[in-house]
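Descriptive structure summary
Take a look at the letters that make up each chain.
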Amino acid sequence: MAHATDPPAPGPAHGTPDHAAAGDHRSRVSLRVNGARRDLDLDHRVTLLDALREHLDLTGSKKGCDHGQCGACTVLVDGRRANSCLLLAVTLDGCGITTVEGLAAPDGALHPLQRAFVEHDAFQCGYCTPGQLCSAVGALREAAAGHPSHVTADAAQAGPAVLTAEEIRERLSGNLCRCGAYPAIVRAVADAGTDPAATGTAVEAAV
Amino acid sequence: MSPTTATLDTAAQASLGTPVPRLEARDKVTGTARYAAEQNPPRRAYGWPVPATIAHGRVTAVDTTAALALPGVLAVLTPYDAPRLGPSDDPTLQLLQDTRVPHRGWYVALAVADTLEGARAAAEAVRVGYEAEPHDVTLREGHPGLYTPEEVNGGYPAHREHGDPDAAFAAAPVRVDVRYSVPPLHNHAMEPHAATADWDAGRGHLTVYDSCQGTTVVRTVLAGLFRLPEDRVTVLAEHVGGGFGSKSTPRPHVVLAVMATRRCGRPVTVALPRQHLAACVGHRAPTLHRVRLGARPDGTLTSLTHEVLTHTSRVREFVEQAAVPGRVMYAVRDSRTTHRVAALDVPTPSWMRAPGETPGMYALESAMDELADALGMDPVELRVRNDPATEPDSGRPFSSRHLVECLREGATRFGWTGHRPPLREGPLLIGSGVAAATYPVYIAPAGARAHARPDGSYLVEVNATDIGTGARTVLSQIAADALGVPLDAVTLSLGNSALPPTPVAGGSAGTASWGWAVHDACTALTDRLARHHGPLPDAGLSASADTTQSAKQKPPYARHAFGAHFAEVQADTVTGEVRVRRLLGVFAAGRILNPRTARSQFIGGMVMGLGMALTEHSGLDPAFGDFAERDLAAYHVPVNADVPAVEAHWIDEHDKHLNPMGGKGIGEIGIVGAAAAIGNAVSRATGRRLRELPLTPDRVLAALSVPDTGPV
Ligand code: FES
Ligand code: FES
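Residue numbers here run from 1 along each chain, matching the order of that chain's written sequence. Key to labels: chains lettered from A, ligands numbered from 1, both in the order written. Local features in this predicted model are restricted to residues whose pLDDT is 70 or higher, and side-chain atom pairs enter the listing and the counts only when it is 80 or higher, whereas totals over whole chains, interfaces and linings include all residues. Side-chain descriptors were evaluated using all non-hydrogen atoms of the structure, hydrogens and water having been removed beforehand.

1. Looking at the overall build of chain A
Strands here mean DSSP runs of E at least two residues long; helices mean DSSP runs of H or I at least four residues long; both are numbered from the N terminus. Scanning chain A from terminus to terminus reveals six helices and five strands. When contacts within chain A are restricted to residue pairs at least 6 apart in sequence, long-range pairs at least 24 apart make up 61% of them. Per element, the accessible surface of chain A, about 7900 Å² overall, is 54% carbon and sulfur. Any pair of residues with heavy atoms lying within 4.5 Å of one another is described as a contacting pair. Only the protein chains shown count as cover for residues, and the accessible areas themselves come from Shrake-Rupley with a 1.4 Å probe.

2. Comments concerning helix α2 (residues 112-119) of chain A
Burial status follows relative accessibility: with a 1.4 Å probe on protein chains alone, a residue under 20% of its type maximum counts as buried, one over 50% as exposed, and anything between as partly exposed. Summarising burial for α2 of chain A: six of the eight residues are buried, a large majority. Within α2 of chain A the residues assigned to the buried category are Pro112, Leu113, Gln114, Ala116, Phe117 and Val118 of chain A. Summarising the contacts, the buried residues of α2 of chain A are in contact with α3 (129-144) and α5 (182-193) of chain A together with α1 (25-30) and α14 (595-614) of chain B. Just downstream of α2 of chain A, Asp121 of chain A is the residue with a positive phi angle, here 50 degrees.

3. Side note on the sheet that holds strand β20 (residues 447-452) of chain B
Residue and element names in this part refer to chain B. Read from one edge of the open sheet, four strands run β22-β21-β20-β23, paired in mixed fashion. Taken across any chain shown, the strands that pair with only one partner, and hence form the sheet edges, are β22 (490-493) and β23 (541-546). Within this sheet the neighbouring strands show an average axis-to-axis angle of 15 degrees, counted without direction. At least two DSSP bridges between two strands are required for those strands to pair. Across four bridges, β20 lies against strand β21 (residues 458-461) in antiparallel orientation. Within β21, the position partnered with Ala452 by the bridge is Tyr458. A fitted line through C-alpha atoms represents every axis, and for helices the fit uses only the stretch in contact; the resulting angles, taken between N-to-C directions, go from 0 to 180 degrees. Against the sheet, helix α11 (residues 471-483) engages β21 and β22, with an angle of about 135 degrees to β22.

4. Thoughts on the packing of aromatic side chains
Any pair of Phe, Tyr and Trp rings, taking the six-membered ring for Trp, is counted once the centres come within 6.5 Å. Such a pair is stacked with planes under 30 degrees apart, edge-to-face with planes over 60 apart, and tilted for the rest. Applying the stated criterion to the full structure yields nine aromatic pairs over all chains. Between the aromatic rings of Tyr127 of chain A and Tyr35 of chain B, the centroid separation amounts to 5.1 Å while the plane-to-plane angle is 85 degrees, which identifies the pairing as edge-to-face. One end of the pair, Tyr127 of chain A, is in the loop between α2 and α3; the other, Tyr35 of chain B, is in the loop between α1 and β1 (45-51), on a second chain. For the pair Tyr127 of chain A and Tyr35 of chain B, a shared accessibility class is recorded, and that class is buried.

5. Examining the interface of chain A and chain B
Chain A puts 51 residues into the contact, and the matching count from chain B is 63 residues. Salt bridges are defined by distance alone: a side-chain nitrogen of Lys or Arg within 4 Å of a carboxyl oxygen of Asp or Glu. Taken together, the connections running from chain A to chain B amount to six salt bridges. The salt bridge partner of Arg44 of chain B is Glu54 of chain A, with a shortest N-O separation of 2.8 Å. The definition of a polar contact used here is a pair of N or O atoms within 3.5 Å, where within protein one atom must be able to donate a hydrogen and the other to accept one, and adjacent residues in sequence count solely through side-chain atom pairs. In this structure, the connection of chain A to chain B is made through 28 residue pairs in polar contact (both at pLDDT 80 or more). Secondary-structure elements contributing two or more residues to the side of chain A that touches chain B are α1 (48-55), α2, α3, α4 (165-171) and α5 of chain A.

6. Here's the deal with α5 of chain A
The length a helix should cover is 1.5 Å for every residue beyond the first. Taking 1.5 Å per residue, 12 residues should reach 16 Å; α5 of chain A reaches 16 Å between its end C-alpha atoms and fits that length. Among all positions of α5 of chain A, only Tyr182, Pro183, Ala184, Ile185, Val186, Ala188, Val189 and Ala192 of chain A are buried. On its buried side, α5 of chain A packs onto α2, α3 and α4 of chain A together with α14 and β26 (645-650) of chain B.

7. A short note on the sheet that holds strand β5 (residues 107-113) of chain B
All names here are of chain B. If you trace the seven strands from one edge of the open sheet to the other, you get β3-β5-β1-β14-β11-β12-β13, paired in mixed fashion. Two strands close off the open sheet at either side, each with one partner strand: β3 (73-77) and β13 (233-236). On average, each strand axis in the sheet is tilted by 20 degrees relative to the strand beside it, whichever way the strands run. Sheet topology places strand β11 (residues 194-200) next to strand β14 (residues 268-271); four bridges connect them, and they run antiparallel. Following the sheet pairing, Ala197 is matched in β14 by Val268. Strands β1, β3 and β5 of the sheet are contacted by helix α3 (residues 116-125), whose axis makes an angle of about 25 degrees with β1. Packing against the sheet, helix α6 (residues 252-264) makes contact with β1, β3, β5, β11, β12 (205-210) and β14, and its axis sits at approximately 30 degrees to β11.

8. Some thoughts on unusual backbone geometry
Residues and elements named next belong to chain B. The omega torsion of the bond from Leu693 to Pro694 falls at -10 degrees, within 30 degrees of zero and hence cis. For Pro694, the location among the structural elements is in the loop between α15 (674-686) and α16 (697-705). Positive phi values are uncommon outside glycine, yet Phe244 reaches one of about 55 degrees. With respect to the helices and strands, Phe244 occurs in the loop between β13 and α6. Classification of Phe244 by relative accessible area gives buried; the value is 12%.

9. Regarding the confidence of the model for chain A
Each residue carries a pLDDT value, the predictor's own confidence for that position, ranging from 0 to 100. For chain A, the mean per-residue pLDDT works out to 89, and 87% of the residues sit at or above 70. In this model residues 1-23 of chain A is a low-confidence stretch, pLDDT under 50, and it forms 51 contacts with partners more than four residues away in sequence or in other chains.

10. Observations regarding the pairing of β12 of chain B
All names here are of chain B. Burial analysis of β12 places five of its six residues in the buried class, which makes it a mostly covered element. With six bridges connecting them, β11 and β12 associate as antiparallel partners. By the bridge assignment, Thr196 is partnered in β12 with Tyr209. Where β11 hands over to β12, the hairpin turn is made up of four residues, of which Gly204 adopts a positive phi near 65 degrees. Pairing geometry for β12 and β13, over four bridges, is parallel. When the sheet's bridge partners are listed, Thr207 is paired in β13 with Thr234.

11. Considerations on the pattern of salt bridges
Two side chains that carry opposite charge are able to pair once their charged atoms sit near each other. All chains considered together, the criterion is met by 54 salt bridges over all chains. Note that Glu38 of chain B and Lys62 of chain A form a salt bridge whose closest N and O atoms lie 2.9 Å from each other. With Glu38 of chain B in the loop between α1 and β1 and Lys62 of chain A in the loop between α1 and β3 (74-77), this pair bridges two chains. Residue Glu38 of chain B shares its accessibility class with Lys62 of chain A, and that shared class is buried. Among the ionic contacts, a cluster of salt bridges with common partners joins Asp369, Glu370, Asp373, Arg684, Arg689 and Arg691 of chain B.

12. Quick word on the pairing of β3 of chain B
Residues and elements named next belong to chain B. The buried count for β3 comes to four of five residues, which makes it a mostly enclosed element. Across four bridges, the pairing between β3 and β5 is antiparallel. Paired with Val73 across the two strands is Ala113, which belongs to β5.

Structure representation (structure tokens):
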């Protein structure tokens, strides 16, 4: 019923690769995934989601619909949340991608949102969880940057948005959870949202 | 074993009853938990099925030339050349065995390629010729195909009658005679059905990672279909992304994945596209209800009739047991609860969270609300007045029944006042509603093993499947308490068909069934350890248990969980949109073994009930014979913004007639009655009674455009 406030999808910020590999239907593409450079030679039909899952064995990002309808595949592309099933990997040459695998610190310390999700039991089956987490990082960033949502009373107001429960619900409505963990997700995001570290990720900090 | 079983002692360091966080929580928040399609054996290929594009008829030809010419395509399996399967009880698994098309979306081919993109392109390039026949997918009253089946899902008799309900109804001073309709609904767990199958021809062994609710049954069925001894088949399901009944038994994806790995000689993943699910993994069948209630002016029920019409497919009979709750809920001597079903050219319906109770209690609890209106009585008091001393249908005593307590406690917590008048805030109409919930206690035999290691740690093995319920956690708690050790001394191994046979995660019976076996194995191990002197041998000590005897005992009690939902809604008179403002449930489901995971289960069920009330709908298109809503853009599961403050509470029940843990099962009751509470609130808010789910803006606006004719 409600719609998420989707930021504009990240465009080909760094241009498409001009160094196509042999054949008409493949190209080389270089991504920075969770801080590490990954060079791939990909069929043009491969989405970012499938590049992560099938080519880089990063299966944390989930496929719930493959059509931009569920948010299970949400990752951060150059710092902004995006449905990775809607992006063709070859259009993202040079982009920085953060997946759920890149949220925790290298020493294993959980990201504030991950910690809050565990504490509030903000999932059951866990299949939507990586998308919820990446989406929540993006949503906290958008709020901090003052992006209004559909429920923001005064959209013209400057400064960070105040994350009421209603704001969190609205901003995370692009991420479906069939287990119905929404009330706990809202509490977890509200809780972690008070931690300034929650808008960051370890790998991005390290870059 | 006597039907009265001892309840686990709350030992000093008891873990049961405490809010232990999910043991796999870290794996799930870091993305390391792997699901069935995420297993990545070397040389893995991908399968993509081809669904039929007619609703009834047969395949006349399959042209695979273009598909096979595409790069990387390994095979296209068709009804003409797919491996011949052995027998299965479930005919929906007899895939590619003949050319008949029983419904749109039935699989008619499978493309296999070395990449996902290649498999998808190949599936699209397969040309299928059909001979179409007329189809009929529309359930309606008076359908000539309606018949009374012998039994309905769950093994209940289709028809039960006591006394003379018609005469009692005719004689009743206060009567309601109302019809409700619940559309087809879809489970749509977030993880689409997927399997990775790996046939090792050298060893003659089949390994399958399956997104399922229980690997024992998947192994048995695959062994039968592929004519393999059961010990040559291993099915694994470490993490499963939800099921809600749609993964209870093997579904087409796993059969196709095994066909493909056997044909191609390499591992194959078949992960079904979301758009295929509506037609091939089951749905909640639509139900048309007629409920007649007769009562005395003081609210005492004198007649209850609940008649249900539903559909099934032409492939397999599945009858949603929606009239069954009327046999449990209220004290009334003259009653009839009955089902009729028509086999149509539709996909095969199956289990969806609390089959039977969910649509049945929507109708019964809405009718009770209408009766309360007709009586001018508080609907809470109406239910209290008709609370039975024994189970109405069987006459058996309840092992425990605290519906009245749930209603009272809920009323207090919610701030319920019997006849609160509706409120108006600008364009919004606001009202509250109540409904009861019930779900039966099921249990099935299971096996488990427990090992004590010399280092003081324990390994407990039980073939449970944790589809998000928290089974892994609560079973570890059961083990720790039975062993009398701290939780972290126990490692639990699950999701592996090589372990002793167990039933599926279904019927809210997982914890009871698996847990009883874990309890018995751990108790036996504790006894063995007590008799053992000196250090443990290097191999440790082991014990096992099989609850076939104890779980099959039929107790002389009616065993059900109960609950009460309270909802506050607002209806927008301009847009027709209904939004739930508050939803509160109180449940009596035996002992709550882990309050943290239990709360999530209850709330998850209530949220699904909210979807059923307001947004979820799968319509069968009469012209094309297809479900019109086949993806998550069209089929509206609730989103975060739809879900307001949801609270779940419970009443501690000490029921000695269940199982050693004392729990009744909690996975399903949260959805039961939730839609009725919301519907009753809408009726209170708007002064209009809507009897067809979901309560979408178009329907609400249409109802509001008709003048209010006084009290509903
Ligand atoms: S998988 Fe990308 S939005 Fe659903
Ligand atoms: S936790 Fe299962 S879908 Fe969200």
